[in-house]
Each structure stands twice: as C-alpha cells, then as structure tokens.
Amino acid sequence: MQEKALNSPGFEIDPDLVITLTHGDPIMFEPFWKEEGQNATVTISGWEKMSYYACDPDDICWFLEPDFANEVLRLHRIVNNAATNGCHIIPGAGSTQLIHATLHALASIEARRHPVNVVSAAPYYSMYSDINSLKSALYHWAGDAATFKGDDNFIEIVCSPNNPDGMIRHAVLSNNAGRRVHDMAYYWPHYTPMRGPADHDIMLFTMSKATGHAGTRIGWALVKDTDVAREMVNYITLNTNGVSRDSQVRAARILKVISDGYEFPNSNGAGQFFHIGRHLLADRWRRLRQAMEVLAKFSLPRFSTEFCEFFKEHAQTYPGFAWLRSEDESINDCGDFFKGINVQIRNGRLFGAGPNYVRISLMGSDAYFDGFIKRITSVG
C-alpha cells in the first residue's frame, strides 16, 4: 500500500485488512514535511560526496559530515535537551548501530572479564534483548536491571522517556558500579515536557523519532570519553566502513528546517515542527483514551502535567507508543485479543512484561490509526 494513500484525506482501511501497529514507523509526520516542500529538499550532484572521508582522516570520527554536526549542536541548543559541551558526536545507522557500537566500546575498554552483562529495567525496549543474536563474546543480555543479582560487571541501558511505556527513567543499579548508556530517542518536546538538558556520559538520539525520518537511517551519539568515542568509531568502521555521507547531508537539511522554524519563525507559526507534532500526538492520545473507555477492557498509563522549558508552559506527555494493560480477566493474552480484530501489535513478553500487556504504535499513518480506533470502538 502506498505511503501517499495512507496519509491521504478520506482514505479508509478495508475492514478485512490487517492493521499493523507493531513498529514505530513515524509516517504521521509526513504531512508536515510535504508542506515544507523545497525547504527540506536536498540535491546531491553525481560528483559530490564520493570519498569515504567527510573530514580530516586523522579526526576521531572521520566520517562525520561537518554540516550535520553543526545542525545537531544547533538543535540541541535550541531545544536545550542535552548538554553537548565537550562531547564527541558519533553518527550511526540509527540507534540500532549506535547501541551495538556503544556496547562493543564499553565492553572492550572497561570490562574486567567477558561477557559483560547488559541489563535494562522492565518494561524495556524489545531490541535490547535481541543483542544475543549477535553472538558477541564481549557482552550478552542479562535481563531486567531491577532483578539483576550480579556484581559490577554490567552495562545498564536507561531509556528515557521509556519505550514502551513513556515514563521518565533513571538508572536502577548503583552509580558506583558498572557503566550506563542513556537512550534519549524520545526526549523531544513533541513527546514529553523538556525538563532541562540531560547530561550523561553517553546519550543516543535518532532522526527516526526526532523528526520522523526513519528511512534516512541516521542517529547520533554524544560521548564524553574520548577513548569510548574512538572505539565506537572503530566498531562502525569495521561494521559498515563509516556512515552514509548522503544520509548525513539530508539529515542536516531536515534538522536545519526545524531549527529555522524556531530561530526565524513565521507570524502564523508555520514550520514549527515540535508544536505541530505535539498537536498531532495529543489528538491521537485523546481519541485513544476515548476509545479505550468505550472498549472497557484495557487501561492506559497516566502522566502528570509538568512545566516544559521549551514550550514555556505546563504540558502533558504524549508518547509515540501506547502501553496497554488488560483489565479483563477473560483476556489471557492481549495479543490474541487484537489478532482477533485483525490488528497486529507487540506482545508484552517482548518487553520483559507479561502477556497482559501490549505495545501499540501511535506513529503510523492517519488511515491505520483511524481504522484502529474504529475497530476497537465497534468492539466496545
């Protein structure tokens, strides 16, 4: 099914079609970028960006495009969601490659023995537990940080706001032991109130959740320790021999459009991505809560209103995912319930929780979201 059709006004999902809400594919932001048109368009001539090297080959990160680095720093300064002073910027093919690079670097440099235990507090992002498929001798998945009984030979991944439940998270294990990686993919104003700049040794961000450009496959790490940054670069060099320069150029333009919308605003507020994104997510959460009240089988997380330093007002949290819990004793497995109405979701077991939980993506097309709301309302 064409992306264009999925976000076209009036397009409706066939009642027999399976609605897939398993992945955080952020198609919902497509209309904004269509409106931006040429402002967000990049042309790369056939002779440009042909070299492996984006900067001085002797630089720590020789594949980092200078314009991309500048726009990353500029956006963080405008949003004030991360302390960047003294940090190395390491681009990667999305958060996935950066997580692998970070684990490799920390386990290679600082571990006293191998494999290092990798943990995260449940419910955790399901991809974390998939690292064992890499069969690395340096590290392995050891489960829920809250129940971890090992010694100080660990790396704790802290996802905040958390995927799947949207909650603000802090490290569970002692700060005097192990190492921490902070996955900050959702720490942007359209998802959650800005509480000031995060300041951690390693912070990971991604274009897919910041701007909606999942297909560009670009994320970035802010890394304080030079040795860790250098080893992350070594991993990416061995893994993919750098990161696409073309993708970094496109990402730089996208970030520039967002920053320009706030540094040089129009009188009508057009082009202010975070305002528009928050409005879209707020509307989806409102409709979802109404539909769940009609269905009367599941509960949703409740989030407190907090002052947002970016919007300069009290704001709600609107995660890109809904973490549903069954409140109906007749439903033993939430996945089976949604399968029965032709909706694909992700079972709570994948996130270290039970089958009485499911994660539903709210970031898909208008057609998929509208179709989902209609189905659960009709069941109710």
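Residues numbered from 1 in each chain as written. Predicted model: local features only at pLDDT ≥ 70, side-chain atom pairs only at ≥ 80, totals over all residues. Heavy atoms only, no water.

Undergrad: Help me understand the pattern of salt bridges in this model?
TA: Proximity of charged atoms lets side chains of opposite charge pair with each other. For the structure on display, the rule yields 21 salt bridges. Via salt bridges that share partners, Glu71, Arg74, Arg77, Lys256, Asp260 and Glu263 belong to a single interconnected network. (Salt bridge = Lys/Arg side-chain N within 4 Å of Asp/Glu carboxyl O.)

Undergrad: Just checking my understanding: could you explain the packing of helix H3 (residues 66-79) against helix H7 (residues 245-263) for this structure?
TA: Two measures define how a pair of helices packs: the angle their axes make with one another and the distance between the axes. Closest axis-to-axis distance for the H3/H7 pair is 9 Å, and the angle between their directions is 30°. Viewed along their axes, H3 and H7 adopt a mutual orientation that is roughly parallel. For the pair H3 and H7, the sense of crossing is left-handed. Contact residues: Asp67, Phe68, Glu71, Val72, Arg74, Leu75, Arg77 and Ile78 in H3; Gln248, Ala251, Ala252, Leu255, Lys256, Ile258, Ser259, Asp260, Tyr262 and Glu263 in H7. Each residue belonging to the contact of H3 with H7 can be placed in one class, and the counts come to 9 nonpolar, 2 polar and 7 charged. (Axes fitted to C-alpha atoms, helices over the stretch in contact; angles between N-to-C directions. Helix = DSSP H or I, 4+ residues; strand = E, 2+ residues; numbered from the N terminus. Parallel < 35°, antiparallel > 145°, perpendicular 65-115°, else oblique. Left-handed = near helix turned anticlockwise from the far one by under 90°. Contact = heavy atoms within 4.5 Å. Nonpolar A, V, L, I, M, F, W, Y, C, P; charged D, E, K, R; others polar.)

Undergrad: Honestly, helix H8 (residues 273-295) in this entry has me stumped. Any pointers?
TA: Every α-helix carries 3.6 residues per turn, so stepping three or four residues along brings you back to the same face. Its 23 residues place the ends of H8 33 Å apart at the C-alpha level, agreeing with the 33 Å of an ideal helix rising 1.5 Å per residue. Phe273, Phe274, Gly277, Arg278, Leu281, Arg284, Trp285, Leu288, Arg289, Ala291, Met292 and Leu295 are the residues of H8 that are buried. (Expected span 1.5 Å × (residues − 1). Buried < 20%, exposed > 50% of the residue type's maximum accessible area, 1.4 Å probe, protein only.)

Undergrad: Would you mind going over the sheet that holds strand E9 (residues 298-299) with me for this structure?
TA: Note on sheets: strands pair through backbone hydrogen bonds, and any given pair is parallel or antiparallel. One open sheet holds the 4 strands; their spatial order is E9-E12-E15-E14, and the pairing between them is antiparallel. Whereas interior strands pair on both sides, the edge strands pair on one side only; in this sheet they are E9 and strand E14 (346-347). Direction of pairing for strand E12 (residues 321-326) relative to strand E15 (residues 357-361): antiparallel, over a ladder of 5 bridges. From the neighbouring strand, Phe321 faces E15, where its bridge partner is Ser361. Across the sheet, H8 touches E9 and E12, and the angle it forms with E12 is around 15°. (Pairing = 2+ DSSP bridges.)

Undergrad: When you look at the sheet that holds strand E6 (residues 179-183) in this model, what are you seeing that I'm missing?
TA: Pairing within the open sheet is mixed, and its 7 strands lie in the order E2-E8-E7-E6-E5-E3-E4. Each having just a single partner strand, strand E2 (88-92) and strand E4 (139-144) make up the two edges of the open sheet. Across the sheet, the mean angle from the axis of one strand to that of its neighbour is 25°, orientation sign disregarded. Across 5 bridges, the pairing between strand E5 (residues 154-159) and E6 is parallel. Bridge pairing links Val158 to His182 in E6. In the packing of H3 onto the sheet, contacts are made with E2, strand E7 (202-206) and strand E8 (219-223), and the angle to E8 comes to roughly 70°.

Undergrad: So what exactly am I meant to see when it comes to the nonpolar core here?
TA: Proteins that are soluble and globular tend to have nonpolar side chains buried together. Core analysis: the largest hydrophobic core is formed by 108 residues, its most contacted members being Phe274, Leu288, Phe338, Phe372 and Ile376. No other element matches H8, which puts 8 residues into this core. (Core = buried A, V, L, I, M, F, W, Y, C linked by side-chain atoms within 4.5 Å.)

Undergrad: For this particular structure, what's the right way to read the pairing of strand E3 (residues 116-120)?
TA: The side chains of a regular strand alternate, residue by residue, between the two faces of the sheet. Among the 5 residues in E3, 5 count as buried, and that is most of the element. The two faces of E3 match: Val116, Val118 and Ser120 on one face and Asn117 and Val119 on the other face are all buried. Pairing of E3 with E4 involves 5 bridges; the strand directions are parallel. Across the sheet, the residue bridging to Asn117 is His140, located in E4. Summarising the sheet, E3 and E5 pair through 3 bridges and their orientation is parallel. Across the sheet, Asn117 pairs through a bridge with Phe154, a residue of E5.

Undergrad: Explanation requested: the state of the cysteines in the structure shown.
TA: Note: disulfide means a covalent bond formed between the sulfur atoms of two cysteine side chains. Applying the stated rule across the entire model yields 0 disulfides. Here Cys61 stays free of any disulfide, with the sulfur of Cys55 as its closest cysteine sulfur at 6.7 Å. By relative accessible area, Cys61 is classed as buried at 8%. The thiol sulfur of Cys87 is not disulfide-bonded, and the nearest other cysteine sulfur, from Cys61, lies at 14 Å. (Disulfide = S-S within 2.5 Å.)

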